[in-house]
Amino acid sequence: MALGPAKAGLVLLGTQGLTACSGPQSALAPAGAGAEPLADLFWVMVIGAALIWLAVIGVAVYAARGRPEPHRERTASALLLWGGLAFPTVVLTGLLTYGLMLMPELRAPGDGLRIAVSGEQWWWRVSYHAPRRTEPVPSANEVRLPLGQRVEIELSSPDVIHSFWIPPLGGKVDMIPGRVTRLVLEPTRTGEFRGVCAEFCGTSHALMAFSVVVMEAAAFDAWLAQEAEAASEPTTDAATRGRELFVQVGCGACHAVRGTPAAGTIGPDLTHLASRATLGAGTLPMSEPALIRWIAHTEEVKPDVRMPSFGALPDEHIEAIAAYLEGLE
Ligand code: CUA
C-alpha cells in the first residue's frame, strides 16, 4: 500500500520517536546515575507541556464554540491574572527548583579513577589515571568505565570548543581551550554505548564520535592492565612487513605504537587500535578493508582531517600496514 507524504511523515515520526527512546546513544534509556534525573526531567517537562497544551486548546475551543457571549470585565481580568501571571510563575518556579535540586547530585566527587579526555580536531585523546598506577594509560576514541564507580572525567581542548556527551550516561559538558571542565559519570549497567561531540567544532564535527564500554570492575581492571602493555608482536609476514613500513613511511611522527620506535603524539595512540570498535573516531567500523580505505582516502572519509591521505603508496604497502594495524589488539 502506498502512503501519502503526510502519512509517511507520521509513520516516520512515530518510528523515530520510538527508536529515540532506546539504543546506544539515547538519553531516554539511562545507564548512568547522571542520566536518570535528566531523563526524569525530560518526561516531567514533556508530560507537563502536553497537559498545558491540552488545557490551552480546551480553553480555545470553549471560547470559539461554547460561549458566544463575552465575559464580564472582572472575570476576564481574573482569568488573565490567574492564567497569564500566577500559573506560569508557579509552574516555572517549580521547574527551576526541581532542576536546581538535581544539580548537587551531579557534582559529587569521584571514587578515584580519573580519565582525562581532550577534544582534538576531530578525535578524542584519552588518558586513564588509576589510583594504583604510577603512569597514566594513553588511549583514544574510546572510553571504558567500570560499573558502579564514580569516575571523574577531566575535559580539555587544545584549540576549539567541543562538547563531551555520552547521552545514556550523563549530561554534556563543554571542552574549552585553556581550562579543565569536569564531569562525574557513574554507570549503572554494563553495555556498549556511543558518545558524541555536541558542539559544532569544524568541518568533521559530525564525524567525531567515540565508543563507550561499561564493564564489570574486575574486567575493567584486566582491560586497563592490557591497555597499559606495549603493542603485541606481528604474527604474519605481511604484518611484520607492515610494521617496518609503518616506521619507514613516517606514521610514527604523529602516532605512537608503544614498544616500537613510533612515538608521535599529534594523532591517536594506536598501540591497541584493533581492540576498538571503530576507526577514525566513530567514522568506520574497525576492519582491515576499512583500515585500507582510511589510509588511502583519509581526506575523503573525513574532510579536513589533519592526517594526509597516503593513497600515493603502492597498494601492497597500504595492505601490509593495514594488516599490521589490524593485529594491534
Ligand atoms: Cu568536536 Cu564538534
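Use the structure listed above.
The following refers to the structure shown. Throughout, residues of each chain are indexed from 1 in the direction in which the sequence is written. Totals for whole chains, interfaces and linings use all residues, but because this is a predicted model, local features are given only for residues with pLDDT of at least 70 and pairs of side-chain atoms are given and counted only at 80 or more. No hydrogens and no water enter the side-chain calculation; it runs on all heavy atoms of the structure.

Turning next to the pattern of salt bridges. Salt bridges are defined as contacts in which a side-chain nitrogen from Lys or Arg sits within 4 Å of a carboxyl oxygen from Asp or Glu. Counted according to the given criterion, the structure contains nine salt bridges. Residue Glu154 is joined to Arg114 by a salt bridge in which the shortest nitrogen-to-oxygen separation is 2.9 Å. Of the two residues, Glu154 is situated in strand 5 (residues 151–156) and Arg114 in strand 1 (residues 114–120); the sequence distance between them amounts to 40 residues. On the accessibility criterion, Glu154 (15% relative accessible area) is buried. Per-residue accessibility, obtained with a 1.4 Å probe over protein chains only, is compared with the maximum for each type, and a residue is labelled buried under 20%, exposed over 50%, and partly exposed between these values. Residue Arg114 is classed as partly exposed on the basis of its relative accessible area, which comes to 31%. Only DSSP runs of H or I with at least four residues qualify as helices, and only runs of E with at least two residues qualify as strands; both kinds are numbered from the N terminus onward.

Glancing now at the sheet that holds strand 7 (residues 173–175). The strand order across the open sheet formed by five strands is 4-10-9-6-7, and the pairing between neighbours is mixed. Sheet topology places strand 4 (142–146) and strand 7 at the edges, where each strand pairs with a single neighbour. Geometrically, the sheet is characterised by an average inter-axis angle of 25 degrees between neighbouring strands, direction not taken into account. In this scheme, strands are said to pair when DSSP sees at least two bridges between them. Judged from the six bridges that link them, strand 9 (residues 191–197) and strand 10 (residues 209–215) form a sheet pairing that is antiparallel. Across the sheet, residue Val196 finds its bridge partner in strand 10, namely Ala209. Angles run from 0 to 180 degrees between N-to-C directions of axes, and those axes are lines fitted to C-alpha atoms, restricted for helices to the stretch in contact.

What follows deals with the pairing of strand 6 (residues 162–165). Examined bridge by bridge, strand 6 and strand 7 share three bridges and lie antiparallel to one another. Each residue of the ladder has a partner; that of Ser163, found in strand 7, is Asp174. Where strand 6 meets strand 9, two bridges bridge the pair, whose relative direction is antiparallel. Within the sheet, the bridge partner assigned to Phe164 lies in strand 9 and is Cys197.

A few words on the pairing of strand 5. Taking burial as the measure, the six residues of strand 5 include five buried ones, the bulk of the element. Across five bridges, the pairing between strand 1 and strand 5 is parallel. Within the sheet, the bridge partner assigned to Ile115 lies in strand 5 and is Ile153. Relative to strand 8 (residues 181–185), strand 5 is paired through five bridges, and the arrangement is antiparallel. Bridge pairing links Glu154 to Arg182 in strand 8.

The next point concerns helix 6 (residues 288–296). Working note: α-helix, 3.6 residues per turn, so residues spaced by three or four point in the same direction. Among all positions of helix 6, only Ala290, Leu291, Trp294, Ile295 and Ala296 are buried. Of the surrounding elements, those touching the buried residues of helix 6 are strand 11 (278–279), strand 12 (284–285), helix 7 (298–301) and helix 8 (315–326). One side-chain oxygen at the N-terminal end of helix 6 lies 3.2 Å from the backbone nitrogen of Ala290; it belongs to Ser287. Should any heavy atoms of two residues lie within 4.5 Å, those residues are counted as being in contact. The definition of a polar contact used here is a pair of N or O atoms within 3.5 Å, where within protein one atom must be able to donate a hydrogen and the other to accept one, and adjacent residues in sequence count solely through side-chain atom pairs.

Here a pair means two rings of Phe, Tyr or Trp (six-membered ring of Trp) with centres within 6.5 Å. Their orientation is stacked below 30 degrees between planes, edge-to-face above 60, and tilted elsewhere. The tally for this structure, following the rule as stated, stands at eight aromatic pairs. Ring geometry for Trp124 against Phe164: centres 5.9 Å apart, planes inclined by 80 degrees, an arrangement best described as edge-to-face. Here Trp124 is found in strand 2 (residues 123–129), whereas its partner Phe164 is found in strand 6, with 40 residues between them in sequence. By the burial criterion, Trp124 is buried, and Phe164 matches it. Between Phe220 and Trp223, the aromatic rings sit 5.8 Å apart at their centres with planes inclined by 40 degrees, giving tilted as the arrangement. Remark: Trp223 and Phe220 occur in helix 4 (residues 217–228); sequence separation between them is three residues, near one turn of the helix. Trp223 matches Phe220 in its accessibility class, with the two residues each being buried. Three or more aromatic residues link up through ring pairs in this structure, and these residues are Trp124, Phe164 and Phe210. Put simply, a charge is over a ring when the Lys NZ or the Arg CZ is close to the ring centre, within 6 Å, and near the line of the ring normal, within 35 degrees. Above the face of the Trp165 ring, Lys172 is positioned so that its terminal group lies 4.4 Å from the ring centre.

Shape descriptors only; they carry no functional weight alone.
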